[in-house]
Amino acid sequence: MQPGNDRTVFLSTQTATRRDHALAFAVIGISSILFALSVPFAGMPLTPIPAFVASYQSALAINDLITAILLFSQFAILRSWAMLLLASAYLFTAVAAIVHGLSFPGLFTPTGLLGAGPQTTVWLYMIWHGVFPLLVIGYAMTKARDGGAKIQWSAARAVSASVIAVGVVMAALTWIVTAEHHLLPTLLSEGHYTRIMIGVVSGVWMLSLAALLVLWSRRPLLVIDVWLIVVLCAWLFDIALAAILNVARFDLGFYVGRIYGLCAASFVLGVLLIDNVALQAKMGRLVGALRRQAASERDRYAERERLFAAVVESSKDAIITKALDGTVSAWNKAAEDLFGYSSAEAVGQHISIIVPPDRRSEVDNILARVARGEAIDHYETVRLHRDGRTLDVALSISPILSVAGEIVGASKIARDITEGKRTRSALDREIEERQRIFETSQDLILVTDSVGNLIQVSPSVTTILGFRPDEMVGHNAIEFIHQEDLDSTRGEMRMARKGRLMRSFETRYDHKDGRVVTLNWMGTWSEAVQRHFFIGRDLTEKRAAEAQFRQAQKMESIGQLTGGIAHDFNNILTVVSGASGVLAESVADRPDLVSIAQMIDEAAERGAQLTKQLLAFARKQPLQPREIDVNALALETAKLLRPTLGEQIEISPRLAEDIWPALADPNQLSTAILNLALNARDAMPEGGKLMIETGNVSLDDGYVGMNSDVVAGDYVLIAVSDTGSGIPAALLPKVFDPFFTTKEVGKGTGLGLSMVFGFVKQSGGHIKIYSEEGHGTTIRIYLPRSTGAGQAADETTPQAAIERGHETVLIVEDDTLVRNYVVGQVANLGYTTLEAANAAEALAILDNGTGIDLLFTDVIMPGAMNGRQLADEAVRRRPSLKTLFTSGYTENAIVHHGRLDPGVLLLAKPYRKVELARMIRVALDG
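Just so it is clear, the model here is predicted, and its values are computed rather than measured.

Colleague: Please clarify how the nonpolar core should be interpreted in this entry.
Modeller: Note on soluble globular proteins: their nonpolar side chains tend to be buried together. Membership of the largest hydrophobic core comes to 64 residues, with the highest contact counts inside it found for Tyr90, Trp128, Phe132 and Tyr139. For this core, the secondary-structure elements that each account for two or more residues are helix H1 (18-38), helix H2 (50-78), helix H3 (81-103), helix H4 (120-142), helix H5 (155-178), helix H6 (195-217) and helix H7 (223-244). It is H7 that provides the largest number of residues to this core, a total of 13 residues. The residues contacting Tyr139, other than those within four sequence positions of it, are Ala82, Met83, Leu85, Leu86, Leu215, Leu222, Ile224, Asp225 and Leu228. By size, the runner-up hydrophobic cluster in this structure holds 40 residues, among which are Ala656, Ile659, Ala662 and Ala672.

Below is the structure:
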């Protein structure tokens, strides 16, 4: 054995080396040679020396007993069954050697002690040499590199059980071979071996050989296994010489065999003693090394303590130690600075001196957790400074262990996080605000790396481009940019990286559904994080709104123009129409002149219809809306359309049963449906189908978001559809423009759809057109649902006869031609007339005290007052004065939101004498 090597300490757990094998085989070889030399002389009689037996037995017993003790000591550490069996084997041989020596004849008494008979010592020899190999086989079968299977008992209990077992077995066997020896077969007769003896000893020898072979086969061979093999070889030579090859006691084989047995016992004892000496030497070196290490450790620990004390004192964090009852035991300089108490003031005090009253229970809870061995890391709480102000601190608390491993206190590191917490709170708030901006922004926010790979995409991308953010993140931006804008976008990104921090540019992107979306971008580059940051605003709606605004401005300008033309034209038509009536009455007896007067009147009527269309388009016509049943109106209109459209066009009403009442001017609505039907007829020259549909519709915010000219709410739908030629997509945006028509010259004025458009808008409604070339057209009119309160207009039934009177009428008209005509007509009706060219003249007449029953005034007049303002002032001066308005273009004086103001009577220009007479009477009669 080489002490100090890296092998396991004990022979019973060390793997045998080549050197161990070589040494063992050398011993076996020498023993074999000596055995071979002894064999021919084994039966040679020698002088009996009883003292040899006593010496041999004593030496053998002592050797085996020491070996057993050494093996038991190894068992006490290894606790293996194998070592217990091997130690028991040597203990058995020691006891057997003692009993054999005591019972040997002629050694102490002629026949031996213990009541031995002539066969006692022979049988004891066979038992002794038979049990040992059995126990060796048990050892071989249970051994292993780590000592084999372990015994769960205590070492003392196991050793005691082994000693008792060996003693009991040996006592029983001794009793049999002594007291009951006459029952055993005779092995030795007159000093010579019997045949039974040859058989028994051969069996014992074979058992020893089997133990040798089993031990050899159980690999790996340990050091003790190699020397047990040497022992078993010597054991075989012992049995062969002492019990097989010899002839009788005290011959050469008798002596040599026992010498072999003693040598066999000495082999293992010597090895174990060498092993023990080596262990002691190793232990001595280890103790010396441990002493040197302990001294070094003491010095190192002392240095560490000094270093630790320096670290604790120089630490920027407060370090405090305390007992489990909360008493402070250590308090470094940082704790003094943080809490305001000096070390002398704090040590010995309870930790509660720095704890707010409402957090005292927190300290008890922390100490209880530490007492259970729990460590607490980064526990944020509040503590008190000596001056009473609160501190936000982060605590890290660990148990303090004694040398025995018991928890005796707590070590606490406190860090002031007041400022850090305030900064973190501000940062968290800023991050949260930015995140909310990022998530709720209606603009598109993109973050890319230096090569354009998308890092972050705001949720607004779904609304703007149709993609989910996860569908874009990880992809390069060029996958979504319109092909024609790639180069300009790359140029902008390069310029940003070159130092032009803020860039504003436009780029077109491809929407998920294939359409192109134009975005205005503000972009910047961050060198610190190597990222591009972009904010893109969708210009689609803006440009649509701009186009819509330009269209509205255009329509408003045209409306103002057409309204002004209609006003002047109505004044002219008023005179022409009235004059034609007077002319017709004057030439009633001249048929040729009557026809001319009728032609003049028809021309004036056509001119009046044209001005009505112009006013309808300009949304300047005075509407008289009321609650109407659109189903009844649609059916009535359909009846009128049948003869007009012809038999080749099928009219198909599709009317909702539970239709809501609509709020609209029924006459204007009928005219609008008629215009749409006539347009449909012109689109179906070969015939077709005309459908008039009604229904209830609620337009929600989603629809309003796509159609900014409508207000969300309940509407009544009237849809007119045809199966005609349809309208090309390029012409759809122009169909409501005035004077726009696709018909041949002379077949349309281009005012039909513009009149419908103006009427619907003036009524507070909405109109949409859907058309596909070759498949037909649908125009959908949405009129406001009637609430049923105060929305019915008075209807007057025209009287057939011209009504006359005798009251005084003040006529105010700025157009001299019209004023002269009206004064003449009113006077012709029997009324006393007064006239004024403007509001100032009218008020002067009112102030002179002249009796006046009716103020008949134009609405639009030059000067400081219009007709409505004049009427208000006149009524203020003369509360009983009645008023009748007339106008060809009202602006907003008496018409608001497309409706006449309540209580207002209006005679629209141009008008005939019969209409003038009727309205004067209506005004005067209240």
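Okay, back to it.
Colleague: What is the right way to read the pattern of salt bridges from this model?
Modeller: Pairs can form between side chains of opposite charge whenever their charged atoms are close. This structure, assessed with the given rule, holds 28 salt bridges. Among the salt bridges present, the one from Asp387 reaches Arg389, with a minimum N-O distance of 2.9 Å. Arg389 sits in the partly exposed class, given a relative accessible area of 44%. Each of Arg468, Asp470, Glu471 and Lys512 takes part in one network of salt bridges that share partners.

Colleague: Which parts of the structure should I look at to understand the side chain of Lys322?
Modeller: Checked against the element boundaries, Lys322 lands in strand E3 (residues 318-323). Non-local contacts of Lys322, meaning those with residues more than four positions away in its chain, are made with Thr327, Val328, Ser329, Ile351, Leu367, Gly409, Ala410 and Lys412.

Colleague: How should the sheet that holds strand E18 (residues 766-772) be read in this particular structure?
Modeller: Either a parallel or an antiparallel arrangement is found when strands of a sheet pair, and the pairing is made through backbone hydrogen bonds. With mixed pairing, the five strands of this open sheet are ordered in space as E14-E16-E17-E19-E18. Either end of the sheet is taken by a strand with one partner, and the two such strands are strand E14 (649-654) and E18. Strand-to-strand twist in this sheet, taken as the mean axis angle between neighbours without regard to direction, amounts to 15°. Examined bridge by bridge, E14 and strand E16 (residues 688-699) share six bridges and lie parallel to one another. The residue bridging Ile651 from the neighbouring strand is Leu690, located in E16.

Colleague: Which parts of the structure should I look at to understand the side chain of Glu813?
Modeller: If you trace the backbone, Glu813 turns up in the loop between strand E20 (808-812) and helix H22 (816-828). A distance of 3.1 Å separates the side chain of Glu813 from the backbone nitrogen of Asp815, its partner in a polar contact.

What counts, and at which threshold
Residues numbered from 1 in each chain as written. Predicted model: local features only at pLDDT ≥ 70, side-chain atom pairs only at ≥ 80, totals over all residues. Heavy atoms only, no water. Core = buried A, V, L, I, M, F, W, Y, C linked by side-chain atoms within 4.5 Å. Buried < 20%, exposed > 50% of the residue type's maximum accessible area, 1.4 Å probe, protein only. Helix = DSSP H or I, 4+ residues; strand = E, 2+ residues; numbered from the N terminus. Contact = heavy atoms within 4.5 Å. Salt bridge = Lys/Arg side-chain N within 4 Å of Asp/Glu carboxyl O. Pairing = 2+ DSSP bridges. Axes fitted to C-alpha atoms, helices over the stretch in contact; angles between N-to-C directions. Polar contact = N/O pair within 3.5 Å; in protein donor to acceptor, adjacent residues only side chain to side chain.

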